[in-house]
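Survey of secondary and tertiary structure
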Amino acid sequence: MRTKYVVLLIVTLLIGGTQGFAQKAKADRLFAAFNYSKAIPYYEKLASKNNRHAAYAMQRLGDCHRLAGNFEESARWYSNATVIDTTNADLFFNYAQSLRSIGKYEEAAEQFLRYAVLKPGDPRGELFARYSREVNKWTEPEFEYELINAEAINTSYADFSPVYAKDGVIFTSDRMARTGEKRYGWTGAYYLDLFYSQLKKEEGKEYSEPGAPSLYSAGLSQAYHDGPATFSSDFKTVYFTRVTRKIGEIDSTRYYTNKLKIYSSKYLEENKWSDPEPFFLNSDSYSVGHPALTVDGKTLYFVSDMPGGQGGTDIYKVNKTDEGWGPAENLGSNINTFGNEMFPYIHKDKVLYFSSDGHPGLGSLDVFMSSIDGSNYGKPENMKAPVNSPADDFGIVINDNDREGMISSNRPGGKGDDDIYLITIKERLPDSVLISGLVKDRESLEVLRNSTVFAWNLQADEIVILKTDDKGYYEIWAKRGSSFVMKGMKNGFSPDCLHLAIDPKAKETTAENRDLLLGKYKVDQIFRLENIYYDFDKWNIRADASVELDKVVAFLNENPDIIVELGSHTDSRGSFKYNERLSERRAQSAVEYIVLNGISNKRITAKGYGEYQLVNRCSDGVKCSDEEHQDNRRTEVKITGVIESEDAKVEQPLDVYKKGQKLGISDFKDDFFNICTDSQKPL
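Reading the values: rules and limits
Residues numbered from 1 in each chain as written. Predicted model: local features only at pLDDT ≥ 70, side-chain atom pairs only at ≥ 80, totals over all residues. Heavy atoms only, no water. Phe/Tyr/Trp six-rings, centres within 6.5 Å; stacked < 30°, edge-to-face > 60°. Helix = DSSP H or I, 4+ residues; strand = E, 2+ residues; numbered from the N terminus. Buried < 20%, exposed > 50% of the residue type's maximum accessible area, 1.4 Å probe, protein only. Lys NZ or Arg CZ within 6 Å of the ring centre and 35° of its normal. Pairing = 2+ DSSP bridges. Axes fitted to C-alpha atoms, helices over the stretch in contact; angles between N-to-C directions. Core = buried A, V, L, I, M, F, W, Y, C linked by side-chain atoms within 4.5 Å. Contact = heavy atoms within 4.5 Å. Expected span 1.5 Å × (residues − 1). Left-handed = near helix turned anticlockwise from the far one by under 90°. Nonpolar A, V, L, I, M, F, W, Y, C, P; charged D, E, K, R; others polar. Lys, Arg positive; Asp, Glu negative; His and termini not counted. Salt bridge = Lys/Arg side-chain N within 4 Å of Asp/Glu carboxyl O. Polar contact = N/O pair within 3.5 Å; in protein donor to acceptor, adjacent residues only side chain to side chain. Disulfide = S-S within 2.5 Å. pLDDT = per-residue confidence, 0-100.

1. Some remarks on the packing of aromatic side chains
With the rule as written, the count across this model stands at 37 aromatic pairs. Geometrically, the ring pair formed by Tyr-239 and Trp-325 is edge-to-face, given 6.2 Å between the ring centres and 75 degrees between the ring planes. With Tyr-239 in strand S9 (residues 237–243) and Trp-325 in strand S17 (residues 324–325), this pair connects stretches of sequence that are 86 residues apart. We note that Tyr-239, like Trp-325, is buried. Seen in terms of ring centroids, Tyr-267 and Trp-273 are 5.2 Å apart; in terms of plane orientation they differ by 80 degrees. Their pairing is edge-to-face. Relative accessible area serves as the criterion here: at 31%, Tyr-267 is assigned to the partly exposed category. Every member of this aromatic cluster is reached through a ring pair, and the members are Phe-93, Phe-112, Tyr-115, Phe-128, Tyr-131 and Phe-338. For the cation-ring pair, Arg-124 lies above Phe-93, with the distance from its terminal atom to the ring centre recorded as 4.2 Å. Of note, Arg-175 hangs over the ring of Phe-195, and the distance from its end group to the ring centre comes to 5.1 Å.

Now the structure itself:
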């Protein structure tokens, strides 16, 4: 996808006013005016001469071809330039990006690392090098997709961002819309307009195909750029991106930067629309574009480079109120990165699709999906190949039948520039197995709804968050040969784990687990802490004891409504009074450690029991072994109650995990899965 659609800064050269550039070379004047195709011949002449300007001209040639989407040529010229200029960090970064865009990932990684050396303060160098070397993660999709070039609507120009209409598709294109139309200097193409094509499904085909397109609406078409667009579910309202030419306004460089803006219009009759009205967030200081409306019409997503964002361009949303649209809300760092996020699309108000060059992927722009749960967004998931490619992939839309869709891409093999591709979504790949199971109460065996299951894929080193439904059921698709550790949790219950390995040669398409059985915590329930040792006649917390006490801290953090007592017990050796004082000091020392680690002192009390609650026969005067005496020297945690005051938390800790969210093992504490080993028991 050409940079004119990637960045949200459409810059236009005004007619006349060249006096300030008389001393600049012809090539630089054309480059500054974004006339890249015209600048190329001049830079080629300059690059062919063996002088001090050769490396500069080669880099400019790389820039021209990259900004025009010709990544093969840009990589060639950047490569030539790096032989001469070995200290220009930006040169190596752009070279690496071009290599990545044509699928030369190993070479791209090398150039990103060279950039990292030259610019150690920029994390993109090492990060993009890692993305390039981990590219295999995004080449194997979960579903079976087929992409077909929608030849009837594609041209040698840019055709992109389709949206489904009632019986057809509306898309954006820079082909000629009317006779005598002027061309856009950046690309040599015409200005963007909205076009319409009727969809038809022929007998025997699994997908609908578009027919010959025509200009969608003369009323929504002006002399400059119009599109992409989004429509209300009843097609009575349209929101679309527009760039208007401002004659007579120039900045200090004698260029005027025209920003993308959103306009809306109401349907009148016979494909006539009301005069477009500007969106309230439009600005001459930043761009606002790429609108996407939810089915219920209550939320509008858009893209902007307004101040305060995460990176280049971010995705925002506004919610409709009785008074109109509310304030702009940035979707946050889970969605937005230091790069560019753009072309949002909301499917059935449940899934956000968007394109990004900041999240890990196959190339320039990749399409990602994120599940929507209220105001929360799941970790973006790369759509993988063949939906994504090393080139730019963006502007996706999914049909209501969930079996077909469309996407825009400038991948090789198209008719030219950006093309629209039909997507057929078939069954899940045959090497996938459905893993399912139930979460139950350990005592009553009643199913536990809204439990959380952490599915740790040991091969991918990825943890998928699962939630049980009203029947206590959860499921996840996985590849044959995968190994999982499943940890089931619910607030107020002790966790349970199971291990599962899927036979790589198994013919079954489903794998059922044993039930995950969670034990409900009860008042007066006692848990014994193992390996709590003190030096003779001492009560300070040793390093080996702190490991066990950290489990108490984690337990209380995971169950914020529970109140406990920490009790310390001694053996019978020594006097009653001595043992009582010693155990009291040890219990108090343990409680102080736990409070220092963030637990409220209202939730834990210390109790020294001395030798009054022996667990065996080893009372005074009875001869016992050291091992028998050790059984009596113990530390226990007893649940004494539940907080019922204002201090009780409304949101439980597990509520932060959302269904479908994907996390890395580094997102959890080191001991999170320790309970899942045979040597660990739940607190």
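Picking up after the structure, the text goes on.
2. Considerations on the sheet that holds strand S31 (residues 483–489)
Strand order across the open sheet formed by five strands is S33-S31-S28-S29-S40, with antiparallel pairing between neighbours. Of all the strands in the sheet, just strand S33 (496–501) and strand S40 (662–664) have a single pairing partner and so form its edges. The average angle at which neighbouring strand axes cross in this sheet is 25 degrees, direction not considered. Pairing of strand S29 (residues 462–467) with S40 involves three bridges; the strand directions are antiparallel. Bridge pairing in S40 places Ile-463 opposite Leu-663.

3. A few points about the sheet that holds strand S37 (residues 562–569)
Strand order in the open sheet made by the four strands is S36-S39-S37-S38, with mixed pairing throughout. Bordering the open sheet on either side are strand S36 (526–529) and strand S38 (604–610), each of which pairs with just one other strand. Taken over all neighbouring pairs, the strand axes of this sheet differ in orientation by 25 degrees on average, direction set aside. Pairing analysis gives six bridges linking S37 to S38, with the strands arranged parallel.

4. Quick look at the nonpolar core
The biggest cluster of nonpolar side chains holds 33 residues, and the ones touching the most others in it are Phe-31, Tyr-36, Tyr-43, Ala-47, Leu-61, Cys-64 and Phe-112. Elements with a contribution of two residues or more to this core: helix H2 (26–32), helix H3 (36–47), helix H4 (54–67), helix H5 (71–84), helix H6 (89–101), helix H7 (105–118) and helix H8 (124–133). Top contributing element to this core by residue count: H6, with seven residues. Among residues more than four places away in sequence, those in contact with Phe-112 are Phe-93, Ala-96, Gln-97, Arg-100, Gly-125, Phe-128, Ala-129 and Ser-132. Counting 26 residues, the second-largest nonpolar core is a separate cluster that includes Ile-153, Tyr-164, Met-383 and Ile-398.

5. Considerations on H7
For H7, with 14 residues, the first-to-last C-alpha span of 20 Å sits near the 20 Å given by 1.5 Å per residue. Taken residue by residue, H7 has Tyr-105, Ala-108, Ala-109, Gln-111, Phe-112, Tyr-115 and Ala-116 as its buried positions. Buried residues belonging to H7 abut H6 and H8.

6. A closer look at the packing of H5 against H6
Following both chains from N to C, one finds H5 and H6 inclined at 145 degrees, their axes separated by 9 Å at the closest point. By crossing handedness, the relation of H5 to H6 is classed as left-handed. Across from Phe-71, Ser-74, Ala-75, Tyr-78, Ser-79, Ala-81 and Thr-82 in H5, the residues of H6 making contact are Leu-91, Phe-92, Asn-94, Tyr-95, Ser-98, Leu-99 and Ser-101. Residue classes in the contact of H5 with H6 are distributed as eight nonpolar, six polar and no charged.

7. Brief notes about the side chain of Glu-341
Among the secondary structure elements, Glu-341 is positioned in strand S19 (residues 341–347). For the buried Glu-341, which has no salt bridge, the nearest side chain bearing the opposite charge is Arg-100, at an N-O separation of 11 Å. Here the side chain of Glu-341 touches Ser-356 through a polar contact of 2.5 Å, side chain to side chain. Contact partners of Glu-341, with chain neighbours within four places excluded, come to Val-303, Thr-313, Asp-314, Ile-315, Ile-335, Asn-336, Phe-354, Ser-355, Ser-356, Gly-358 and His-359.

8. Things to note about the state of the cysteines
Within the structure shown, the criterion is met by two disulfides. For Cys-618, the disulfide goes to Cys-624, at an S-S distance of 2.1 Å. Given an S-S torsion of about -105 degrees, the disulfide between Cys-618 and Cys-624 has left-handed geometry. On the basis of relative accessible area, Cys-624 is assigned to the buried category, the value being 16%. The connectivity of the disulfides in the chain is 1-4, 2-3, where the numbers refer to bonded cysteines in sequence order.

9. Considerations on the confidence of the model for the chain
Of all residues in the chain, 87% attain a pLDDT of 70 or more, and the chain-wide mean is 84. A low-confidence stretch, residues 1–24 (pLDDT under 50), is modelled with 76 contacts involving residues beyond four sequence positions or located in other chains. Note that pLDDT drops below 50 for residues 247–256; the model gives that stretch 22 contacts with residues more than four away or on any other chain.

10. Section: the pattern of salt bridges
Two side chains bearing opposite charge may form a pair once their charged atoms approach each other closely. All told, the structure shown has 22 salt bridges when counted by the stated rule. Ionic pairing is found between Asp-284 and Lys-261, a salt bridge with its closest N-O pair at 2.6 Å. Here the residue Asp-284 occupies a position in the loop between strand S13 (277–278) and strand S14 (288–293), and Lys-261 occupies one in strand S11 (residues 261–269), the gap between them amounting to 23 residues. Its relative accessible area of 42% is what places Asp-284 among the partly exposed residues.

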